[in-house]
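Listed below are the residues making up each chain.
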Amino acid sequence: AQTVTQSQPEMSVQEAETVTLSCTYDTSESDYYLFWYKQPPSRQMILVIRQEAYKQQNATENRFSVNFQKAAKSFSLKISDSQLGDAAMYFCAYRRGSGGGADGLTFGKGTHLIIQP
Amino acid sequence: GAGVSQSPSNKVTEKGKDVELRCDPISGHTALYWYRQSLGQGLEFLIYFQGNSAPDKSGLPSDRFSAERTGGSVSTLTIQRTQQEDSAVYLCASSLGGTRGTWGGYEQYFGPGTRLTVT
């Protein structure tokens, strides 16, 4: 079974600075997708960024980018120019590509990101 | 358009009572998922629906849990004889369907969840 590990329960960063959240995963699959979700206090999970395992290029969405190291099974999230609105729980998630939809997301335990003004 | 909605937002119930949680997916989304979020276990995947059918119910925590989906739209998660360990936030998500091999990348849109407290 696949597992997702987030080793940082909490991270703190100054506003406008850059922060990197770590995620490692374990799988025997070759076809899979990785995601970072943000969960603010409202509880609504919001997709931040997605990476297809077959793509070598790292995904980027505005201030958010990932460092995907397939061989090391590492998938870190970099947030540049941190803003107060970025404060939230961040979850790394995995889903295999060949499951035909029957697989849900496997989540890490989450990292609580604090933005210091 | 409207996102995924869930009701009730919060539910407090006594141990041993039955509860029903409702999820309204985004219109046109054929896939629907239920997750449970608790302090001890984190986020757990419970069950998935494609249309009205759930191919695999093994993720449900016990036989007190059941789920159904009617008309390819609304889904209900029912917990019978609730226990204190059932206290959690229950999240629903929906996504587009697709052919095998493309499913994994479809974005799952989450609802705001139902916070269940069993006293």
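Scoring rules and cut-offs
Residues numbered from 1 in each chain as written. Chains lettered and ligands numbered in written order. Predicted model: local features only at pLDDT ≥ 70, side-chain atom pairs only at ≥ 80, totals over all residues. Heavy atoms only, no water. Salt bridge = Lys/Arg side-chain N within 4 Å of Asp/Glu carboxyl O. Helix = DSSP H or I, 4+ residues; strand = E, 2+ residues; numbered from the N terminus. Buried < 20%, exposed > 50% of the residue type's maximum accessible area, 1.4 Å probe, protein only. Pairing = 2+ DSSP bridges. Axes fitted to C-alpha atoms, helices over the stretch in contact; angles between N-to-C directions. Core = buried A, V, L, I, M, F, W, Y, C linked by side-chain atoms within 4.5 Å.

*Asks:* What exactly am I supposed to notice about the pattern of salt bridges here?
*Replies:* Opposite charge on two side chains permits them to pair, given that their charged atoms come into close proximity. One pass over the structure, following the stated rule, counts 7 salt bridges over all chains. Between A:Asp26 and A:Lys73 there is a salt bridge, and its shortest N-O distance comes to 3.6 Å. Of this pair, A:Asp26 sits in strand S4 (residues 24-26) while A:Lys73 sits in the loop between strand S8 (64-69) and strand S9 (74-79), and the two are 47 residues apart along the sequence. You can call A:Lys73 partly exposed: its relative accessible area is 24%. Ionic pairing is found between B:Asp24 and B:Arg22, a salt bridge with its closest N-O pair at 3.0 Å.

*Asks:* Where do I start with the sheet that holds strand S6 (residues 65-69) of chain B in this structure?
*Replies:* The pairing of strands in a sheet happens through backbone hydrogen bonds and is either parallel or antiparallel. Residues and elements named next belong to chain B. In spatial order, the strands read S1-S3-S7-S6; together these 4 strands make up an open sheet with antiparallel pairing. Two strands close off the open sheet at either side, each with one partner strand: strand S1 (5-7) and S6. For this sheet, the mean inter-axis angle between neighbouring strands, taken without regard to orientation, is 15°. In terms of strand pairing, S6 meets strand S7 (residues 75-79) through 5 bridges, oriented antiparallel.

*Asks:* For this particular structure, what's the right way to read the nonpolar core?
*Replies:* In summary, soluble globular proteins display a tendency toward joint burial of nonpolar side chains. Formed by 25 residues in total, the largest nonpolar core has its most connected members in A:Tyr25, A:Trp36, A:Phe75, A:Leu77, A:Tyr90 and A:Leu113. Only strand S3 (19-21), strand S5 (32-39), strand S6 (46-52), S8, S9, strand S10 (88-96) and strand S12 (111-116) of chain A provide two or more residues apiece to this core. With 4 residues, S10(A) is the largest single contributor of residues to this core. Residues B:Val4, B:Ile47, B:Leu60 and B:Leu77 belong to the second largest nonpolar core, which totals 21 residues.

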